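# Observations on chain architecture
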Amino acid sequence: MSERELLVRRLAGQRRHVLDQIDGLSDEQLRTAVLPSGWSILGLLRHLTLSDERYWFEVIVAGGPLDFWPEDETSEWQVGPDEPAQLVIDDYRAAIANSEAIVAARSLEDPPATTEEWWAGAGMSFPDLRSVMVHVLVETANHAGHLDAVRELLDGKQYIVL
C-alpha cells in the first residue's frame with residue numbers, strides 16, 4: 001500500500017468512526033451536552049465540517065474562500081434548536097465528499113493554495129497536502145475519541161478499535 005493510499009484509508013476510517021458513533025442516536029441525544037465543556041454531538045459535527053473538512057481542504061488546500069465561517073468564534077460548535085439534525089449530518093458527509101475530490105486531484109507533495117500567518121506563531125507548518133492530511137487525520141481521530149466517551153455516557157455503546 002502506498003503512502004497516499006494509507007493516508008486516504010486511515011482518514012476515511014476515522015470519518016467512518018465519527019459517523020458510526022452517531023448512528024442510532026435520537027435528536028435529543030444528538031443535541032445533549034454530556035461533558036462539562038458544553039458541546040453537543042451536533043456541535044462537534046459542525047466543527048468537523050467547518051474547521052476540519054472545509055477549512056483545511058476547501059480553503060487551505062484548494063484556495064477557496066472562507067465565506068462559510070461564522071462571525072462569532074464559538075459558532076462553529078453551535079447548532080440551533082430549529083436546525084434539522086439530518087442537515088448537520090448531511091453537511092458533514094458532503095464536506096467529506098468534497099474533501100475527497102480535492103485530495104484525489106492533487107499530489108501529496110503539492111503545496112497548499114492558501115497559507116496562514118498564524119501557523120508559524122503556533123509552531124505549525126503545512127508545506128504540502130501530506131501535512132494537511134496528517135493534521136486532519138489526527139484532529140478527526142481526536143474527536144472520534146471524544147465521541148466514544150460521549151456515546152458511552154449517553155447509552156452505554158462502546159466503539160471497539162482494533
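Residues numbered from 1 in each chain as written. Predicted model: local features only at pLDDT ≥ 70, side-chain atom pairs only at ≥ 80, totals over all residues. Heavy atoms only, no water.

As annotated in an unreviewed UniProt entry, the chain carries the name DinB family protein and is attributed to Branchiibius cervicis.

## Concerning the pattern of salt bridges
Formally: The term salt bridge refers to a pairing of a side-chain nitrogen on Lys or Arg with a carboxyl oxygen on Asp or Glu at a separation within 4 Å. Whether a residue is buried, partly exposed or exposed follows from its accessible area with a 1.4 Å probe, protein chains only, as a fraction of its type maximum: under 20%, in between, or over 50%, in that order.
All told, the structure shown has nine salt bridges when counted by the stated rule. In this structure, Arg130 and Asp128 form a salt bridge, with 3.3 Å as the shortest nitrogen-oxygen distance. Taking the relative accessible area as the measure of exposure, Asp128 reaches 14% and is therefore buried. When salt bridges with common partners are traced through the structure, they connect Glu3, Glu109, Asp128 and Arg130 into a single cluster.

## Overview of the environment of Arg130
In plain terms, the rule: Here a helix means four or more residues in a row that DSSP labels H or I, a strand means two or more in a row labelled E, and each is numbered from the N terminus. Whether two residues touch is decided by their heavy atoms; if any such pair falls within 4.5 Å, the residues are in contact.
By secondary structure assignment, the location of Arg130 is in helix α6 (residues 129-155). In this structure Arg130 comes out as partly exposed when scored by relative accessible area, which is 22%. The spacing of Arg130 and Ser37 is 93 residues in sequence and 31 Å in space, taken between C-alpha atoms. Setting aside anything within four residues of it in sequence, one finds Arg130 in contact with Glu3, Leu7, Leu108 and Glu109.

## A few points about helix α3 (residues 41-61)
We count it as follows: The reported bend at a residue is simply the angle between two axes, fitted to the 7 residues ending at it and to the 7 residues beginning with it.
Along its length, α3 reaches its greatest deviation from straightness, about 50°, at Arg54. Within α3, 20 of the 21 residues are buried, which leaves it mostly tucked inside the rest of the structure.

## Things to note about the packing of aromatic side chains
Put simply, the test is: Stacked, tilted and edge-to-face are the three classes assigned to paired rings of Phe, Tyr and Trp, where Trp is represented by its six-membered ring and a pair needs centres within 6.5 Å; plane angles under 30 degrees give stacked, over 60 edge-to-face, the rest tilted. Any Lys NZ or Arg CZ that is within 6 Å of a ring centre and within 35 degrees of that ring's normal is treated as a charge sitting over the ring.
Enumeration over the complete set of coordinates arrives at eight aromatic pairs. Seen in terms of ring centroids, Phe68 and Trp69 are 6.3 Å apart; in terms of plane orientation they differ by 65°. Their pairing is edge-to-face. Look at Trp69 and you get partly exposed, because its relative accessible area is 27%. A cation sits over an aromatic face here: Arg54 above Phe68, 3.9 Å from the ring centre.

## Some words on the side chain of His47
By secondary structure assignment, the location of His47 is in helix α3. Of the residues examined, His47 reaches a relative accessible area of 7% and is grouped as buried. Residues contacting His47, with those up to four places away along its chain left out, are Asp52, Glu76, Trp77 and His143.

## Observations concerning helix α1 (residues 3-22)
Applied cut-off: Multiplying 1.5 Å by the residue count of a helix minus one yields the expected span of that helix.
Helix length check: α1 (20 residues) gives 29 Å between terminal C-alpha atoms against 28 Å at 1.5 Å per residue, within 8%. Where α1 is concerned, the buried positions are Leu7, Leu11, Gly13, Arg15, His17, Val18, Leu19, Gln21 and Ile22. On its buried face, α1 sits against α2 (27-31), α3, α4 (85-104) and α6. Following α1 by one or two positions, Gly24 has its phi on the positive side, about 85°.

## Here's the deal with the packing of α1 against α4
This is how it is decided: For every element, the axis is a line fit to its C-alpha atoms; helices are fit only across the contacting stretch, and the angle between N-to-C directions ranges from 0 to 180 degrees. Orientation is classified from the angle alone, with under 35 degrees giving roughly parallel, over 145 giving roughly antiparallel, 65 to 115 giving roughly perpendicular, and any other angle giving oblique. Put simply, Ala, Val, Leu, Ile, Met, Phe, Trp, Tyr, Cys and Pro go in the nonpolar bin, Asp, Glu, Lys and Arg in the charged bin, and everything else, Gly too, in the polar bin.
Here α1 crosses α4 at 180°, and the two axes come no closer than 12 Å. One element, α1, and the other, α4, form an angle in the roughly antiparallel class. Along its contact with α1, which presents Arg4, Val8, Arg15, Val18, Leu19 and Ile22, the element α4 presents Ile89, Tyr92, Arg93, Ile96, Ser99, Glu100, Val103 and Ala104. Of the residues assigned to the contact of α1 with α4, the class counts are nine nonpolar, one polar and four charged.

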